[in-house]
Each structure stands twice: as structure tokens, then as C-alpha cells.
Number of protein chains: 2
Amino acid sequence: MDWREFDQNPVSHSAAHHLTAIQQLLEDQGYARVSDVARKLGITRGSVSVSLKGLRQRGLVVEDQHKHLGLSDEGQRIARGIHTKRVLFQAFLEKSLGLPADLAEMDACKIEHLVSDLTAEALAIYIDRREDASDSSSDREQQVNALEDSIREGRVEAFPGKEIETISERLQSSSEEQSKDKDDE
Amino acid sequence: MDWREFDQNPVSHSAAHHLTAIQQLLEDQGYARVSDVARKLGITRGSVSVSLKGLRQRGLVVEDQHKHLGLSDEGQRIARGIHTKRVLFQAFLEKSLGLPADLAEMDACKIEHLVSDLTAEALAIYIDRREDASDSSSDREQQVNALEDSIREGRVEAFPGKEIETISERLQSSSEEQSKDKDDE
DNA sequence: TCCTCTTGTTTGGGTACCCAAACGGGTTGA
DNA sequence: TCAACCCGTTTGGGTACCCAAACAAGAGGA
């Protein structure tokens, strides 16, 4: 598998944030201009101007006669998809893994545009089923406690600690067995 | 929160793969040279030569008198961490979310270097607890079935479909409630 | 010895981002 | 009317990657 698949995504990290920024500005204030996007993303107007030129050529962003920005159908679809992925991952990291909200937000932001649609779909189904099935609050509490124990013991300081690496090795060897079984078929 | 945190990671996607490639080559064949790394990553020797110059300056990669590459302690720690994260995420995507192995591998590869150590730690704990707790095979089967239903219904074609977006909206509004509660305190 | 192969490096070109700075067009208050 | 200001765009510079191509150095085989 080519490890460089990462940069042949539908949209880059930068593009993802430009699109979602426009979408959010439209929701919040009814319009979006280059300056608004620049302010929201914390970069210069010049950078946004250039980036949007590309997105306009790709047909994701449109502009009316008053320099007001909008999203094409495809642009909307992409922006919605990214937003959905962010929400799903943030919720999973926070509620299932027990991570603090700010860290969950940051990690979700980093990966939102990278994961495939099918992965997001599967995560949604997974979260949905867990929520129905059990008293998730006590579940989450247990996870938070386990995590805090781990932090207290200082394992995270030198990642990966011994315990986590044992788990990782076990997972790896079990998946190797599986692929061996597959070869035997 | 600054959305550009993504590029101020300990190592870039490229660097991550250079380091893990060296580590794996050392395991597999006992040595690693520029050409070996280039072959493994599918890029030219020239690119690897330049990239490794930077990693050597950062003290992550070392070189003996015979042009044989190695990892410093810090380099080893980073490579091990990335590898561990890849294994954890791949296992989660495949076994808990029921994704096909190749997709799980691809998505894990994309995010392995981005997630924080604490997130990986939490995921390890999470996986570990689930494995002990329940008959995970039937769990996984259920998840796979649910996912296949979803695919059959063609929801993934136009991501995000209605159902998944409903879940996402619910998650979002519940987390907004939470932060409102926090403000009231 | 000489030819050939492999190896590692350097160089010039390309892409995708970012910034700072300058410029031209509007709007607005004095 | 005109200076002050905000807008969007363009331009030159910087970083981090990639490639292709040219080079020098070493290792062998004929």
C-alpha cells in the first residue's frame, strides 16, 4: 500500500477548513467574504484569496456579484461530511475514550478530513449501538478512571509505556494469525 | 483553537514513515541504507537523502562509517510510538468498527502520526477492557452486519446520509448542552 | 585494466501551503 | 473633496515535500 495516499484526499486539511469556515460563517452571519474567512482561520487575506481561487476552479466555492462567497452543492456536501466526521470523532474520543474535551477537539480536528466516509459511517453505527445498549455514563466513568490511573502512573510520559506496547503486540500478532489463516484457505 | 496545530507535530507524515521504515528494515534485514529506505517508501534516493539530512540534524537518525542508518534513542521512541498507534487504530477500525482490513490499514496509516499519545493510551485501555468484558466476536459480527446493511442501502454513496447526520446532530447538541451546564457552574 | 552496476549526493524544477507588502477600488466621515 | 479605512488581489519570499538528472565513488566481472 502506498503510504502517500494521504495527500490524494478529496480535500486537503487547508481546503477542509476553508470550506467549513464558509459554511459556518453563512450559518452564523448569513454571508462570508474573504476577510471573514481569513479572520476565522487566523491567516492573511492574501492566503485565503489564493486558496479560494483554487477551490473556485474546482467548483466547490462560488461567488456572487458582491464578492459574497457560497458553496456549490458539491462544496456543501464535502463541508457537511467533514463536519460530521469531526463531531463523530470528537464524541467518540470524549465520551467513549474519556479524553478531555480540548484534546478530543484537537485530535478530531487533525483527522476529520483524512478518514474515509465508510469509516465515519461505521463509527456512527458503533456509537449509536453503544448508546442504546448500555448505561453509557457509567461506561464512560470507568474509562475515565482507567485513563486517569494510567496518567497517574506516569505511563504517558514515555509513550508507549510497557503495558500499552504489550496490548499493541498482542493485537498485531493476532492479526498476523488471521492473515495466515486466510493464506491457508 | 488554532486549526494549524496539525503541522506542528513532533514529526511529519513523511518523517514518521522514514523513521518506521528504518526501524522495520533493521528488524527485517539487520541494516538500513538510503536506497533501502527509498525502495521501501517508493520514492527516489535523492528525496530520502535530503529528508534524512534533516532527521540527522534533529538527532533522530544516526549513521555509521559504512553509511548504515540507525535510530537514536529518541528516534526509536518516536518510531515505536507511531507503530503502536498504527496497530491500535487498525485493530479498532477492523475489529470494533468492522471495516475491511485494507481500509482499516489505510485510515490507520493516515492518522497514526497525528493523534496524541494520550489518545492512543486511552484507545489501548478501551480496547483492552472491551476484549475482556464481552464475547467480542459476536460483537464484531453485529457491527459488520450493521455496516453492511448501511452499505447495501447506499447510504455511503452520498456521505453523510440522513441517518448518520441525525446521529451527528444529536451528538453535537448533547455536547453543547454539556458546555452550557459547565458555564452555569 | 576497463566497463558496468549500485550507492549517496547535489541541483533545478514543480506543488502546495504560509506570510508580508504593495496596489487599486470602494465607502465614509470630516 | 479628500484623507482614512476596509476589501480583495497580486507579488516576492520562505518551508516542506516530491521528482528527474547528473555526478563521484566504490565493488566486481570480463
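For the structure given in this document, a descriptive report is provided here. (Residues numbered from 1 in each chain as written. Chains lettered and ligands numbered in written order. Predicted model: local features only at pLDDT ≥ 70, side-chain atom pairs only at ≥ 80, totals over all residues. Heavy atoms only, no water.)

### So, the protein's contact with DNA strand D
Our working definition: If even one non-hydrogen atom of a residue comes within 4 Å of a molecule or strand, that residue is called near it. We define a polar contact as two N or O atoms separated by no more than 3.5 Å, with the added condition that, inside protein, one atom must be a possible hydrogen donor and the other a possible acceptor, whereas residues neighbouring each other in sequence contribute only through side-chain atom pairs. Only DSSP runs of H or I covering at least 4 residues are called helices, and only runs of E covering at least 2 are called strands; the numbering of each starts at the N terminus. Classification convention: Asp, Glu, Lys, Arg as charged; Ala, Val, Leu, Ile, Met, Phe, Trp, Tyr, Cys, Pro as nonpolar; all other residues, Gly among them, as polar.
Around DNA strand D, the surrounding shell holds 20 residues, and the nearest of these are S35(A), R45(A), S49(A), S12(B) and S47(B). Within 4 Å of the protein, the contacting atoms of DNA strand D are 70% sugar and phosphate, with bases supplying the remainder. Between a phosphate oxygen of DNA strand D and a side-chain N or O atom of K53(A), the distance comes to 3.2 Å. Taking S51(B), its side chain carries an N or O atom lying 3.1 Å from a phosphate oxygen of DNA strand D. For the surface near DNA strand D, the secondary structure elements donating two or more residues are α2 (34-41) and α3 (45-57) of chain A together with α3 (45-57) of chain B. No other element matches the six residues that α3(A) contributes to the surface near DNA strand D. Its residues assigned to classes, the surface near DNA strand D comprises four nonpolar, nine polar and seven charged.

### As for the pattern of salt bridges
Applied cut-off: Salt bridges are identified by distance alone: a Lys or Arg side-chain nitrogen within 4 Å of an Asp or Glu carboxyl oxygen. Residue burial is assigned from relative accessible area. The probe radius is 1.4 Å, only protein chains are included, and a residue is buried under 20% of its type maximum, exposed over 50%, and partly exposed in between.
With the rule as written, the count across this model stands at 19 salt bridges over all chains. Residues E63(A) and R56(A) are paired through a salt bridge, measuring 3.7 Å at the closest nitrogen-oxygen approach. For E63(A), a relative accessible area of 32% puts it in the partly exposed group. Accessibility expressed as a relative area gives 33% for R56(A), which makes it partly exposed. Between D149(B) and R152(B) there is a salt bridge, with its nearest N and O atoms 2.7 Å apart. Of the two residues, D149(B) and R152(B) both sit in helix α7 (residues 136-152), three residues apart, roughly one turn of that helix. Salt bridges linked by common partners bring R33(A), D36(A) and R39(A) together as one network.

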